[in-house]
Every structure is written in structure tokens, then in C-alpha cells.
Amino acid sequence: MTEKTEENAATHKRKLIDKFLIKLTKEEPQMYYATTSEIARSLYSMLKEHTNRLTVEEQALIRHMTIEEIQGLLGFHAK
């Protein structure tokens with residue numbers, strides 16, 4: 001993978017995580033106060049549960065995503 005492709009994949013993963021984070025906090029408002037690791041675990045479960053509703057490209061992006069990677073993406077702030 002080229003650096004640009006990896007950068008695009010990271011950006012797309014972050015957007016997917018953000019989309020599901022919004023859904024999670026709407027469905028479970030108390031998650032706003034949860035730790036990053038708790039949120040990452042919930043997002044991981046949610047992603048696995050909703051995989052079949054994602055595009056093929058999105059499915060490929062999250063297929064091997066770990067809880068630790070989600071946690072890292074939650075802590076990452078794009079400039």
C-alpha cells in the first residue's frame with residue numbers, strides 16, 4: 001500500500017468510527033461519560049453487528065479492525 005492509500009484508509013476508518021460513535025451516543029447517552037476503552041469495545045461490537053449494512057469497501061476497512069485500533073482512532077484528532 002502506498003502512503004497516500006494508507007492515509008485514505010485511515011481517514012475512511014476514522015469517518016466510519018465517527019459515524020458509529022454518533023449512533024452509539026444517541027442510543028446510549030451514558031456512553032458520553034465512559035472511558036475510551038469502554039467506548040472502543042462498544043463500537044467494536046456495533047461494527048460487527050452492522051457489518052452487513054456497510055458497503056463492500058467499508059466492510060473491507062473494518063474487517064480486521066481491533067478494539068485497540070478503534071481506541072487509537074478515538075484518540076486521534078485530524079488537523
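Here, the structure is the one placed above.
(A) Expanded view of the overall build of the protein chain. In terms of helices and strands, the protein chain carries 4 helices and 0 strands. The N-to-C order of helical and strand elements in the protein chain reads α-α-α-α. Overall, the protein chain is about 40 × 30 × 20 Å in size when its C-alpha atoms are taken along their principal axes. Buried positions account for 29% of the 79 residues belonging to the protein chain. Here the contacts in the protein chain between residues at least 6 apart in sequence split such that 61% fall between residues at least 24 apart. Summed over all atoms, the accessible surface of the protein chain reaches about 5,700 Å², with 54% contributed by carbon and sulfur. Distance between charge centroids for the protein chain: 3 Å, based on 12 positive and 12 negative side chains.

(B) Region of the structure containing helix α4 (residues 67-75). Burial in α4 covers these residues: Ile70, Leu73 and Leu74. All buried residues of α4 project into a common sector of 100° when viewed along the axis, lining one side. Exposed and oriented more than 90 degrees from the buried face of α4 are Glu68 and Gly75.

About the criteria used
Residues numbered from 1 in each chain as written. Predicted model: local features only at pLDDT ≥ 70, side-chain atom pairs only at ≥ 80, totals over all residues. Heavy atoms only, no water. Helix = DSSP H or I, 4+ residues; strand = E, 2+ residues; numbered from the N terminus. Buried < 20%, exposed > 50% of the residue type's maximum accessible area, 1.4 Å probe, protein only. Contact = heavy atoms within 4.5 Å. Areas by Shrake-Rupley, 256 points an atom, 1.4 Å probe, with all protein chains shown as cover. Lys, Arg positive; Asp, Glu negative; His and termini not counted. Charge placed at Lys NZ, Arg CZ, Asp CG, Glu CD. Arc of directions from axis to C-beta.

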